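Reading the structure
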Amino acid sequence: MSSKGIIGQEAIRAYLQKEISSEEFTARMQKLGVTAGAAFAFAEKLAKGEWSAPATGALNLIELKVVEAIAGRIIPTTDTPGAIEAGAANYINLALAGAYQPQLAFYRRAIGELERHCGTAFGSSFAELDVERQDEILESLEAGKIGAVVDGVKFFELVRRHVMEGFFGEPNYGGNRDLIGWKLVGFPGQRYGYDDPYINRVVDLPPIATSLPPRKGE
Amino acid sequence: MADEIADVCLVGVGMVGGILAKELATAGLKVVGFERGAALTREDYAVRDSIHFVVRNALLDWVRHEPTTFRNSPDQRAVLQFPTTNALGGRMLTWTGQSARFSPDDFKVFSGEIASGVAARAGADLAGYEIYDWPIGYDDLEPYYERYEWEFGVAGGGDPNPFAGPRRRGYPLPPLRTSARMELFEQACKKLGYHPYQSAAGILSQPYRPAAPYDSRIEERTACAYCGHCNFYGCHVGAKTSALETVIPVALSTGNVDLHTNSKVFRINSDDSGKITGVSYFTPQREIKEQRARVVILCGFVFENARLMLLSENKGKAGLANSSGAVGKGVFAHADLHTTGLFDDYLINGFIGPNSAAIRMDDFNGNNFDHTGLGFIRGGAFATGGDGTPVQRYDNIPPGIRRWGKEYKEFLAHAYTRTFSISATTEALPHSDNLIDIDPDHKDDWGIPVPRVTFAFKQNERKLQRHFLALGETLMRGTGASKVWQSRLPNFGSRWAGGIRMGADPKTSVVNGYGQSHDIDNLFVMGASVFPTLTGYPATATISALAYRTAEYIMGQRDWFK
């Protein structure tokens, strides 16, 4: 997990390592919409290890490649980066080791079934197929037309939802790298507020993320 | 206080429990409050993290511990559902802040629309419905609406709503700032000859502290920063009105409130004569203890109040205060119908909040319009909406666009800053098939059976909803949107009410106009549970007003507490 671009986390790290004064720390956090009291509480929690970075992922390399290939078709790379560049698969991999651990067995089974289907029908892993073929397979999966994948519709819907979370969620959960998702749609992130209603005007503010590392178990 | 007899025991300390605790403890009564959730602080929700709060429902995850089950009809197996906020301060922590009074007609649907012939002229089929007037009217609640608005801090009062009841005082705060979606909807309503107005909101438009004659012990809070993180989130600046930052600290400051958080009441106890003696509860360590009290007030959510009454025994019989047989019956909710518009050449920037800074239109609410020949009675309210972080919005796409792939990506990139929604909050009437009972198959983490809701929108609702979808489309077309699409008719409701009806007749209602049981003098029920009927308006202001009024009534019964 990269901590770059997570301004709140960086300020807390700098404060805990005594690189900045408490005044500068609170000033930086307040700019991000975090009150002084809350800033110190966060720092304390982080120091005590009540919040922790996600563990390593839950999927093996082949499974991860399949999830990444699916993510790449849900939000493909075009003239702008897509779900692969945003790290949506990394988000899912980390979530399956944490908050979504109860869904890990289903992911494993469904990926295994999909891989067997692709092996039988095309002699290849899903991840190695060309994108047109991948799209055809996903269309069939979404429509419940791949009998080899039991609960294929449920699997498609689950992966799609998790890809979108990894694309649009806070980067500290392992996705939305460099705020790719927010930049795509024009969401300026977790700003303290807006001084102007921006009626029919472009909100020309760079997006910011103020979130801290996930709470334990997430 | 555990071994002493408390004057008043509150089951649930959210907005209602907070108001009652403040008022009764200030009057010198010894109050014990039980809240099954935790006491959060602003630090727990100051970071506006959409994965934590929206996707993973951090403040609404009680469903994992204590679910409610739902089904549309008795032949279905009930499924686990319904997240709610269980914490000190209740759902107000995570609400959107919509705050409106009911209108005078909303308290007399039976006399005003059924007995008067409106329903007959409409050609409405009301078979199976159980519709009764409220035992109180708008005038009874007006002074208490005012208390709520001036103590909690409600911003409003731009263009007045011509359908609103009379008010003795205006709002304590000017309306929130207008936004692009508000301008577009207001223009469309005016063009079509309707009466748009700026909604009142439980969100501070300026720094505010109540002054006398209201409760000046409530501390100053700061103004909304328009960050747009309202629904599902706690407010990082404290501008969103919450019991946790207003009435509850004042209640605790009296020294007369013994507050138990993470403590869950599971039974109301009574003696051989049927009089309530107190409650049994689980401590945070899950030991079972008893609290004796002279008066018990149920201040929980709609499902929980009914569940507690159904699970408690009285005079050797299952069910409490249920001589009418009406406990759990006639539960109802809003159906929210969303119409979204896309504006190719106009930037809405709907992520700028708050959602409750809205233009509303009540021309089709309640009995405000001619129902002749429409086939239904009652109506709903229209309001602008559609804020939200991208994880809340990615599924709101028009039909015909595939939900993934290049076209989807291009649509999201184009539409996120260029859409808003008009929400129709439509009313449901209480129907005898729609009820809360005890689920025979599911228990919560404490081993207590959970409430089961059987609910379907019936004939009057379905006709009304179809009418509102058509109106919603006309309104959104009137804004000049280049593309318009709508949500499907829902099978479950939003914002639940009913189940412990208040009424004048003990044969058909459970409590009187003060929420006091007809059967047992020292048992009260509060919240939307007691509503006999609904309206298109949000319920928060009315729930608060009822709590202030009941507090005053209880303080007048000094001989109860000698």
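Residues numbered from 1 in each chain as written. Chains lettered and ligands numbered in written order. Predicted model: local features only at pLDDT ≥ 70, side-chain atom pairs only at ≥ 80, totals over all residues.

Check the secondary structure of chain A and you find ten helices and zero strands. Sequence-ordered secondary structure for chain A, helices as α and strands as β, is α-α-α-α-α-α-α-α-α-α. Every one of the 218 residues in chain A was classed for burial, and the buried ones make up 46%. Partitioning the contacts of chain A with sequence separation of at least 6, the portion at a separation of at least 24 is 64%. (Helix = DSSP H or I, 4+ residues; strand = E, 2+ residues; numbered from the N terminus. Buried ≥ 20, exposed ≤ 12 C-beta atoms within 10 Å, placed from the backbone. Contact = placed C-beta atoms within 7 Å.)

Here we come to the interface of chain B and chain A. It is common to give the size of an interface as the accessible area that goes away when the parts come together. Counting residues at the interface gives 38 residues for chain B and 44 residues for chain A. Elements supplying a minimum of two residues to the side of chain B that touches chain A: helix 2 (42-45), helix 3 (50-55), helix 7 (180-191), helix 10 (390-393) and helix 11 (406-415) of chain B.

All names here are of chain B. Of all seven residues in strand 1 (residues 5-11), six are buried; the element is thus mostly enclosed. Pairing geometry for strand 1 and strand 9 (residues 288-298), over six bridges, is parallel. Residue Ile-5 lies in a different strand from strand 9, and its bridge partner there is Arg-292. With four bridges connecting them, strand 1 and strand 2 (residues 31-34) associate as parallel partners. By the bridge assignment, Leu-10 is partnered in strand 2 with Gly-33. A crossover connection joins strand 1 to the parallel strand 2 through helix 1 (residues 15-26); in handedness this β-α-β unit is right-handed. (Pairing = 2+ DSSP bridges. Right-handed = clockwise from strand over helix to strand, strands pointing away.)

Further remarks concern helix 9 (residues 302-311) of chain B. Here helix 9 of chain B lies mainly inside the structure; eight of its ten residues are buried. Listing the buried residues of helix 9 of chain B in full gives B:Val302, B:Phe303, B:Glu304, B:Asn305, B:Ala306, B:Arg307, B:Leu308 and B:Met309.

It is worth spelling out the packing of helix 6 (residues 88-95) of chain A against helix 9 (residues 152-168) of chain A at this point. Residues and elements named next belong to chain A. With their axes 8 Å apart at the nearest point, helix 6 and helix 9 run at an angle of 110° to one another. Overall, the two elements helix 6 and helix 9 adopt an arrangement that is roughly perpendicular. Read as a crossing pair, helix 6 and helix 9 show a hand that is right-handed. Of the residues in helix 9, those touching helix 6 at Ala-88, Tyr-91, Ile-92 and Ala-95 are His-162, Val-163, Glu-165, Gly-166 and Phe-167. Per-class residue counts for the contact of helix 6 with helix 9 are six nonpolar, two polar and one charged. (Axes fitted to C-alpha atoms, helices over the stretch in contact; angles between N-to-C directions. Parallel < 35°, antiparallel > 145°, perpendicular 65-115°, else oblique. Left-handed = near helix turned anticlockwise from the far one by under 90°. Nonpolar A, V, L, I, M, F, W, Y, C, P; charged D, E, K, R; others polar.)

Another point: the environment of B:Val47. Residue and element names in this part refer to chain B. Its place among the elements puts Val-47 in the loop between helix 2 and helix 3. Given 25 C-beta atoms within a 10 Å radius, Val-47 is considered buried. For the pair Val-47 and Thr-69, spaced 22 residues apart in sequence, the C-alpha to C-alpha distance is 32 Å.

Let us now look at the environment of B:Pro430. Residues and elements named next belong to chain B. Locating Pro-430 in the fold gives a position in the loop between strand 15 (419-426) and strand 16 (435-443). Owing to 26 C-beta atoms within 10 Å, Pro-430 belongs among the buried residues under this scheme. For Pro-430 and Gly-499, which are 69 residues apart along the polypeptide, the C-alpha to C-alpha distance reads 9.0 Å. Not counting residues within four places of it along the chain, the set of residues in contact with Pro-430 comprises Tyr-129, Glu-130, Ile-131, Gly-330, Phe-332, Gly-498 and Thr-533.

The next thing to look at is unusual backbone geometry. Residue and element names in this part refer to chain B. Put simply, Ala-212 and Pro-213 share a cis peptide bond, and its omega is 10°. Position of Pro-213 relative to the elements: it lies in the loop between strand 5 (196-198) and helix 8 (247-253). Here Gly-353 and Pro-354 are connected by a cis peptide whose omega angle stands at -10°. For Asn-262, which is not a glycine, the phi torsion comes out positive at approximately 50°. Position of Asn-262 among the secondary structure elements: in the loop between strand 6 (257-260) and strand 7 (264-270). If you check the backbone angles, Arg-378 has positive phi at about 70° while not being a glycine. Within the secondary structure, Arg-378 is located in the loop between strand 13 (359-361) and strand 14 (380-385).

Among the nonpolar cores identified, the biggest contains 215 residues, and B:Leu10, B:Val11 and B:Ile297 are the most heavily contacted of them. No other element matches helix 13 (residues 540-555) of chain B, which puts eight residues into this core. Leaving out residues up to four positions away in the same chain, B:Ile297 has contacts with B:Val8, B:Leu10, B:Val11, B:Leu20, B:Phe524 and B:Met526. If you look at the next biggest cluster of nonpolar residues, it comprises seven residues, including A:Ala11, A:Ile12, A:Phe25 and A:Ala43. (Core = buried A, V, L, I, M, F, W, Y, C linked by C-beta atoms within 7 Å.)

Per-residue pLDDT for chain A averages 86, and the proportion of residues at 70 or more is 83%. Taken as a whole, residues 1-7 of chain A scores under 50 in pLDDT and shows 17 contacts with residues more than four places along the chain or in a different chain. (pLDDT = per-residue confidence, 0-100.)

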